[in-house]
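# Summary of structural features
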Amino acid sequence: MQLTEQVIQAYAGQRRKMIEEQLVNRGIKDLAVMEAMSRVPRHLFVNSSLQHRAYGDCPLPIGENQTISQPYIVALMTQTLQLKGEERVLEIGTGSGYQTAIMAELAAQVFTIERVKPIARKSKELLAQLGYANIVFKVFDGTYGWRDQSPFDAILVTASTPEVPSALLEQLSDRGRLIAPVGGKEDQALVVFNKSGDRLVRREIGRCKFVPLIGKFGWPEEEQTNE
Ligand code: SAH
C-alpha cells in the first residue's frame, strides 16, 4: 500500500478516543507515551481487513498465530520503562512492530528481536516506510538477548515466559529496567525488574495474557505446535 499522508493520518478520531477512553480513564499518566500513541498510526500495523478495529480495546491477530498487543498494555509497559529520550532499548518479540514504533518515538535506539522471519520482514518494511531510522532488527531467539549490543537501559519482553531468561537480566545497564509477562500460558503477571548497581528489585504491576515466548530459555517449541 502507498503510504500517503492521508493514509497515515486516517482514524485520527478513533486514535484520540483510544487515548481518552482506554488510557487516561485507566490511569495512564505519562504524557509522552500518550503523545507517541497519538502519532503512531496503529491501523497500519494490522492487516487491512482489520484496520477498522485497530483502535479497539483488545489485541488483534497479525498472522502466524501471533497478536498485536492491546493499546492499554502497550501504554502501561512503555510508561513503566520511563523513557526520556537517551535510552538504548531492547525489545524481544517485534511482532507487528507497533510497540517498537512507540519506543522508537521515546528512546534513542531500539534493538528488536523476532523469531518468525516473515513477521520480522513485514514490520521492518513498515517501520522503514514510516521513517524510523533508530531501530535495529534481528531474526533470532530473543531468550539469549543481544549480548553484542548490551548493556541496555530498558528491556521489554512482549511474549510470555515461565521465568525471565537470565541473559536478559545480565544485559541490563546499571540503572536498567526490564518488563516482561511472567507465568503460565493462560495468564501472567506483568513483572518489572529495576537494577541498581548489583541489586535487582522485582515487583508486579498487573495481570496480562501474551502469546508464548518460544526459545531456549522460554517455552519449548514442541509444546506450541501441540496446541
Ligand atoms: N509487541 C508485539 C507483540 C507481538 S506477539 C505487538 O504488539 O505486535 C509476540 C511476538 O514475539 C510474536 O511475534 C512472536 O513470534 C515473538 N516471539 C516469540 N518467541 C520469541 C523469541 N524467543 N524471540 C523473539 N521473538 C519471539
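Coordinates for the structure precede this section.
Residues numbered from 1 in each chain as written. Predicted model: local features only at pLDDT ≥ 70, side-chain atom pairs only at ≥ 80, totals over all residues. Heavy atoms only, no water.

### A closer look at the pattern of salt bridges
Tallying each qualifying case throughout the model produces 8 salt bridges. Residues Arg26 and Asp57 are paired through a salt bridge, measuring 2.4 Å at the closest nitrogen-oxygen approach. Here Arg26 is found in the loop between helix H2 (12-23) and helix H3 (31-39), whereas its partner Asp57 is found in the loop between H3 and strand S1 (60-63), with 31 residues between them in sequence. Note on Asp57: relative accessible area 36%, which makes it partly exposed. For the salt bridge of Glu221 with Arg115, the shortest nitrogen-to-oxygen distance reads 2.7 Å. Separated by 106 residues along the polypeptide, Glu221 in helix H8 (residues 221-225) and Arg115 in the loop between strand S4 (109-114) and helix H6 (117-129) bring together distant segments of the chain. Accessibility expressed as a relative area gives 46% for Glu221, which makes it partly exposed. (Salt bridge = Lys/Arg side-chain N within 4 Å of Asp/Glu carboxyl O. Helix = DSSP H or I, 4+ residues; strand = E, 2+ residues; numbered from the N terminus. Buried < 20%, exposed > 50% of the residue type's maximum accessible area, 1.4 Å probe, protein only.)

### Details of the pairing of strand S3 (residues 88-92)
In regular strands, side chains alternate between the two faces of the sheet. In terms of burial, S3 is a largely internal element, 4 of the 5 residues being buried. Judged from the 5 bridges that link them, S3 and S4 form a sheet pairing that is parallel. Residue pairing across strands places Ile92 opposite Ile113, the latter belonging to S4. The parallel pair S3 and S4 is bridged by helix H5 (residues 98-106), and the resulting crossover is right-handed. The pairing of S3 with strand S6 (residues 152-157) spans 4 bridges and is classified as parallel. Considered in S6, the bridge of Val89 is made with Ala154. (Pairing = 2+ DSSP bridges. Right-handed = clockwise from strand over helix to strand, strands pointing away.)

### Digging into unusual backbone geometry
Note the cis peptide between Ser150 and Pro151, where omega equals 5°. Note on placement: Pro151 falls in the loop between strand S5 (135-139) and S6. Despite not being glycine, Glu64 has its phi angle at roughly 55°, a positive value. Mapped onto the secondary structure, Glu64 falls in the loop between S1 and strand S2 (66-68).

### Structural notes on the packing of helix H4 (residues 71-81) against H5
One can describe the packing of H4 onto H5 by two numbers: an axis separation of 11 Å at closest approach and a directional angle of 35°. Handedness of the H4/H5 crossing: right-handed. Packed against H4, whose contacting residues are Val74, Thr78 and Leu81, the element H5 presents Tyr98, Gln99, Ile102, Met103 and Leu106 at the interface. Of the residues contributing to the contact of H4 with H5, the split by class is 6 nonpolar, 2 polar and no charged. (Axes fitted to C-alpha atoms, helices over the stretch in contact; angles between N-to-C directions. Left-handed = near helix turned anticlockwise from the far one by under 90°. Contact = heavy atoms within 4.5 Å. Nonpolar A, V, L, I, M, F, W, Y, C, P; charged D, E, K, R; others polar.)

### Topic: the layout of surface pockets
When its volume is computed, the largest pocket comes out at roughly 740 Å³. In terms of lining, the largest pocket is formed by 41 residues, of which the most central are Gln66, Thr158, Ala159, Val211 and Pro212. No other element matches S2, which puts 3 residues into the lining of the largest pocket. Classifying every residue of the lining of the largest pocket by side-chain character gives 17 nonpolar, 16 polar and 8 charged. One number sums up the size of the second largest pocket: a volume of about 460 Å³. What lines the second largest pocket is a set of 22 residues, and nearest its centre among them are Leu44, Phe45, Val46, Lys122 and Leu126. Where the lining of the second largest pocket is concerned, the elements lending two or more residues are S1 and H6. Residue contributions to the lining of the second largest pocket peak at 7 residues, all from H6. (1 Å grid on protein atoms, 1.4 Å probe; cavity = no way out; pocket = protein on both sides within 12 Å on 5 of 7 lines; lining within 4 Å. Points joined across faces, edges and corners; volume = space filled by probe spheres on them.)

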